[in-house]
Amino acid sequence: MRRYRNGRLAAVLSGGYAALVALLGVVSVVILLTVQDPILLTGVALVVVTFPLGPLVWWAWDAAGQPVLLILVLTAVGLLQAYLLWRLTRGRALEAGR
């Protein structure tokens, strides 16, 4: 695998972001499936953390009665953003001799 100029920093940033998104998504789904009358602050946190695409997904969501699916879509959007963060922050590939 080629090394990148900011490869380690990019991996730490995007990996931490992906872990946070995954944690919020899993906790939100567990709360939705186990608590009878959930107050979903983790879902709100997931929308905030996945800014700018998260609020767009939440605003455009029209499937009433499907909160678990909404959380799964928000988690997927957050993981997509983590991938894009890694691609943007890793920098250029270093030459083979470096």
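Criteria and thresholds
- Residues numbered from 1 in each chain as written.
- Predicted model: local features only at pLDDT ≥ 70, side-chain atom pairs only at ≥ 80, totals over all residues.
- Heavy atoms only, no water.
- Core = buried A, V, L, I, M, F, W, Y, C linked by side-chain atoms within 4.5 Å.
- Buried < 20%, exposed > 50% of the residue type's maximum accessible area, 1.4 Å probe, protein only.
- Helix = DSSP H or I, 4+ residues; strand = E, 2+ residues; numbered from the N terminus.
- Contact = heavy atoms within 4.5 Å.
- Phe/Tyr/Trp six-rings, centres within 6.5 Å; stacked < 30°, edge-to-face > 60°.

1. Observations regarding the nonpolar core
Grouped burial of nonpolar side chains is what soluble globular proteins tend to show. Core analysis: the biggest nonpolar cluster contains 14 residues, and Leu46, Val57, Ile71 and Leu74 have the highest contact counts within it. Those elements that provide at least two residues to this core are α1 (7-34), α2 (41-49) and α4 (67-89). Sorting elements by how many residues they give to this core places α1 first, with 6 residues. Ignoring any residue separated from it by four or fewer positions in sequence, one finds Leu46 in contact with Val21, Leu24, Gly25, Ile71, Leu74 and Thr75.

2. Some details on the packing of aromatic side chains
For the structure on display, the rule yields 2 aromatic pairs. With a centroid separation of 6.3 Å and an interplanar angle of 80 degrees, the aromatic rings of Tyr4 and Trp86 are classed as edge-to-face. In this pair, Tyr4 is assigned in the segment before α1 and Trp86 in helix α4, connecting sequence segments 82 residues apart. On the accessibility criterion, Trp86 (23% relative accessible area) is partly exposed.

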